[in-house]
Amino acid sequence: MSYGRARGAESKFDSQLVQALAAQLGLQIHPDEAELLTALLANQRAAQATLDASDLQDIVPDTLFSLEARDD
Amino acid sequence: MTELCEHSLGEVSDLLGAGEISSLELVEANLRAIDRSEPLVHAYAHVLADEALAAARAADAEMAAGGRRSPLHGLPIGVKDNIYTQGSPSECGSRVMAGFVPDFDASCVARLRAGGAIIIGKTHCHEFAYGVNSPPSRSPWALDRYAGGSSIGSGVAVTSRSSFGALGSDTGGSIRVPASINNLVGMKATYGRVSIHGVVPVAWALDHVGPMTRTVRDNALLLAGMAGHETRDPTSARQPVPDFCAGLEAGVKGLRIGIERNYFFYAGLDAEIRAGVEAVIAHYQKAGAQFIEISLPELDMTQDALFTIVLCEGSSWHRKLIRQHADKYDPATRAMIQLGELLPATQYIAAQQARRVYREALLRAFADAKLDAMLNPTMPVTTVPQDQLNAPRADGFADTTVGSMCHHTFNANLAGLPAMSVPCGITAAGLPYGFQLTGRAFDEATLYRIARAYERDHDWHTRRAEALAGGF
């Protein structure tokens, strides 16, 4: 599948800050990709907002194990 | 005599079992089809001609001595390039993995080989089954359009008749989407049914491996050959593998099928696909199935939850490689992997919480309405030219085509329930589409039964792309 989707979310992030954070993590951000990464990060903030709209706070998160194991 | 490649996997299995053809003839027929079609469709990253011919001769000798290991013995199969094949390149469509040759088979490949299947080649995939770059593969149904991914080469190989069946992997729709676009049957079985050991992960919590074929029976045969418990895989289930073909002809009378309309039949659903899937529902009703309308508002969380899990788990697997070989990644893949590292752990956990909420809501819907399956379109749109994938949809609906393509498929990966795409129409523009069945955990047999009841009364699966008639 192709995961590259665009929400058209307006970036509220500063691409220089994103580059600085990435550098702290040891990631090499190509200069002309910083804007894309910043826009994608803004998309993910929108995703978080969608999830926050649901009442998930007291839900124990799911695990990696199989349905069979989880149903035991 | 009909060219052997025109027969389905099940048909050539029967012919082989009856001694009417040889495995060598099948492999040679596939290799001829590859010679004819590959310059145009580019399904294969690596064709394993010498290995396949040698394996076919060995299979013929073994079968001549009276030993047929399984219905797949002697049958050539394509394998997606992110699935390990011992002694053969497994490059995941990436320069990062260029030249990589694993020294063991993925569990599913080992099972197929143990049953006598022959690997004819490794099929193209998006980079690490993840990237937004597109391999060169083109579907004969629409040579100028995107052929679906990430199991793009597997879909193209089967629809081009250069493979009788192929393995794909599916983290958010990567088997079902190319199956729908290429007029094929594609199954993502229950999480844990087919081991993911030896498959380069996209996201462990969501990854599945499964078969792509021309017919329902082909698919059932291939799934049976690759399923089963793997002790080296903590996600692998201990469930016994049934004979998926045993109940294929049982029909749908008395079965209960759920329909959720707010999400799956939303305003973004293409009108031709809507009409086609409504006709499928009408057919099943006439055949005695009962349809029950259900509500699942939790579906609205599924895209954000899945995408977040993919980003975070994917970045975890690539953590070392992205630092050592950043320049070898396609820029779009690199951006997604780097993005995953910039997300807070709390967002990943929220996504896993949402996953649990959705899975439990779906299981509850199945239990409360006593459902045998759910039915909806596999994709809300048909495919478009490559350069329009990320553009706004031409019909004015507020989304990109690529954003819409997986709108209907993500949820089954989150839930871990089996889901399959079945061909059910071709648009006026000549583009195939399918419907999706989702079933109870480890009940793939019922999905095959329902799918076969439709296939038996229709001929979509026998339709051939016009490009095939033009010379290959």
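Model, not experiment: these values are computed from the prediction.

**Looking at the overall build of chain A**
In terms of helices and strands, chain A carries three helices and zero strands. N-terminal to C-terminal, the α/β element order of chain A is α-α-α. Taking all 72 residues of chain A together, the buried fraction comes to 28%.

**Things to note about the pairing of strand β11 (residues 432-439) of chain B**
All names here are of chain B. Along β11, eight of the eight residues are buried, which leaves the element largely enclosed by surrounding structure. Residues P432, G434, Q436 and T438 line one face of β11 and the alternating positions Y433, F435, L437 and G439 line the opposite face, and both faces are buried. Sheet topology note: the strand β9 (residues 373-377)/β11 ladder contains five bridges and is antiparallel. Counted as the bridge partner of L375 is L437 from β11. Bridge analysis of strand β10 (residues 419-426) against β11 gives seven bridges, and the strand direction is antiparallel. Each bridged residue has a counterpart across the sheet, and for S421 the counterpart in β11 is Q436.

**Here we look at the interface of chain B and chain A**
On the side of chain A, 35 residues touch chain B, which itself brings 58 residues to the contact. Contributions of two or more residues to the side of chain B that touches chain A are made by α10 (302-317), α11 (319-324), α12 (331-342), α13 (345-368) and α14 (401-405) of chain B. No other element matches α13 of chain B, which puts 11 residues into the side of chain B that touches chain A. Here the residues of the side of chain B that touches chain A sort into 30 nonpolar, 21 polar and seven charged.

**Details of the environment of Y448 of chain B**
Residues and elements named next belong to chain B. The residue Y448 is located in helix α16 (residues 444-455) in this model. Through-space distance from the C-alpha of Y448 to that of N183 is 16 Å; in sequence the pair is 265 residues apart. Setting aside residues up to four positions removed in sequence, Y448 forms contacts with V216, A220, F244 and L248.

**Observations regarding the packing of helix α1 (residues 15-24) of chain A against helix α2 (residues 34-52) of chain A**
The description of two packed helices rests on the angle between their axes and on the distance between the axes. Residues and elements named next belong to chain A. Relative to each other, α1 and α2 sit at 95°, their axes nearing to 9 Å. In terms of orientation, α1 lies roughly perpendicular with respect to α2. For the pair α1 and α2, contact is made by S15, V18 and Q19 and by A34, E35, L37, T38 and L41, respectively. Within the contact of α1 with α2, the residues separate by chemical class into four nonpolar, three polar and one charged.

**Description of the confidence of the model for chain A**
Residues and elements named next belong to chain A. Scored by pLDDT, chain A comes out at a mean of 75, with 69% of its residues at no less than 70. Mean pLDDT in chain A bottoms out at helix α3 (residues 67-71), which sits at 57, and peaks at α2, which reaches 88. Under a pLDDT of 50 for its full length, residues 1-11 has, in the predicted model, 36 contacts with residues more than four places off or in other chains.

**A word on the packing of α2 of chain A against α12 of chain B**
The contact between α2 of chain A and α12 of chain B brings their axes to 10 Å, and the two run at 50°. By the criterion of interaxial angle, the relationship of α2 of chain A to α12 of chain B is oblique. In this structure, the crossing between α2 of chain A and α12 of chain B has a hand that is right-handed. Of the residues in α12 of chain B, those in contact with L36, L37, L40, L41 and Q44 of chain A of α2 of chain A are A335, Q338, L339 and L342 of chain B.

**Some remarks on the sheet that holds strand β5 (residues 185-188) of chain B**
Residue and element names in this part refer to chain B. Read across the open sheet, the 11 strands follow the order β1-β3-β2-β4-β6-β5-β10-β11-β9-β7-β8; overall the sheet is mixed. Looking at which strands have only one partner, the edges of the open sheet turn out to be β1 (44-47) and β8 (290-293). Put simply, the sheet's adjacent strands are angled 30° from each other on average, direction ignored. Pairing of strand β2 (residues 76-80) with strand β3 (residues 118-123), which is carried by five bridges, proceeds in the parallel orientation.

**Some remarks on the pairing of strand β7 (residues 256-259) of chain B**
Residue and element names in this part refer to chain B. Relative to β8, β7 runs parallel, the two sharing four bridges. Bridging across to β8, I259 finds its partner in E293. As paired strands, β7 and β9 are joined by two bridges and run parallel to one another. Within β9, the position partnered with G258 by the bridge is M374.

**Looking at the environment of Y266 of chain B**
Residues and elements named next belong to chain B. Residue placement: Y266 occurs in the loop between α8 (261-264) and α9 (271-286). Among the residues examined, Y266 registers 14 C-beta atoms within 10 Å and is labelled partly exposed. Along the backbone, Y266 and P380 are 114 residues apart, and their C-alpha atoms lie at a distance of 8.6 Å.

**Section: helix α5 (residues 152-159) of chain B**
Among the eight residues in α5 of chain B, eight count as buried, and that is most of the element. Positive phi appears at R161 of chain B, one or two residues downstream of α5 of chain B, with a value of about 70°.

**Re the nonpolar core**
Ranked by internal contacts, the top residues of the largest apolar core, which has 157 residues, are I77, I118 and A451 of chain B. Not counting chain neighbours up to four residues away, the residues in contact with A451 of chain B comprise V185, V216, M420, V422 and L437 of chain B.

**So, unusual backbone geometry**
All names here are of chain B. Following G149, the chain continues into S150 via a peptide bond in cis, with omega recorded as 10°. With respect to the secondary-structure elements, S150 resides in the loop between β3 and α5. In this structure, H42 takes a positive phi of about 55° despite not being glycine. In the Ramachandran plot, F128 falls in the positive-phi region, its phi being about 55° despite a non-glycine side chain. Position of F128 relative to the elements: it lies in the loop between β3 and α5.

**A look at the environment of E28 of chain B**
Residue and element names in this part refer to chain B. In this fold, E28 is placed in helix α2 (residues 23-41). E28 gets classed as partly exposed once you count the C-beta atoms within 10 Å, which come to 17. E28 sits 48 residues away from P76 along the chain, and the two C-alpha atoms are 9.8 Å apart.

**Focus on α12 of chain B**
The terminal C-alpha atoms of α12 of chain B lie 17 Å apart, and with 12 residues this matches the ideal 16 Å at 1.5 Å per residue to within 8%. Three or more residues of α12 of chain B are buried, namely A332, T333, R334, A335, M336, I337, Q338, L339, G340 and L342 of chain B. Looking at the buried side of α12 of chain B, the elements it contacts are α1 and α2 of chain A together with α10 and α11 of chain B.

Conventions and cut-offs
- Residues numbered from 1 in each chain as written.
- Chains lettered and ligands numbered in written order.
- Predicted model: local features only at pLDDT ≥ 70, side-chain atom pairs only at ≥ 80, totals over all residues.
- Helix = DSSP H or I, 4+ residues; strand = E, 2+ residues; numbered from the N terminus.
- Buried ≥ 20, exposed ≤ 12 C-beta atoms within 10 Å, placed from the backbone.
- Pairing = 2+ DSSP bridges.
- Contact = placed C-beta atoms within 7 Å.
- Nonpolar A, V, L, I, M, F, W, Y, C, P; charged D, E, K, R; others polar.
- Axes fitted to C-alpha atoms, helices over the stretch in contact; angles between N-to-C directions.
- Parallel < 35°, antiparallel > 145°, perpendicular 65-115°, else oblique.
- pLDDT = per-residue confidence, 0-100.
- Left-handed = near helix turned anticlockwise from the far one by under 90°.
- Core = buried A, V, L, I, M, F, W, Y, C linked by C-beta atoms within 7 Å.
- Expected span 1.5 Å × (residues − 1).

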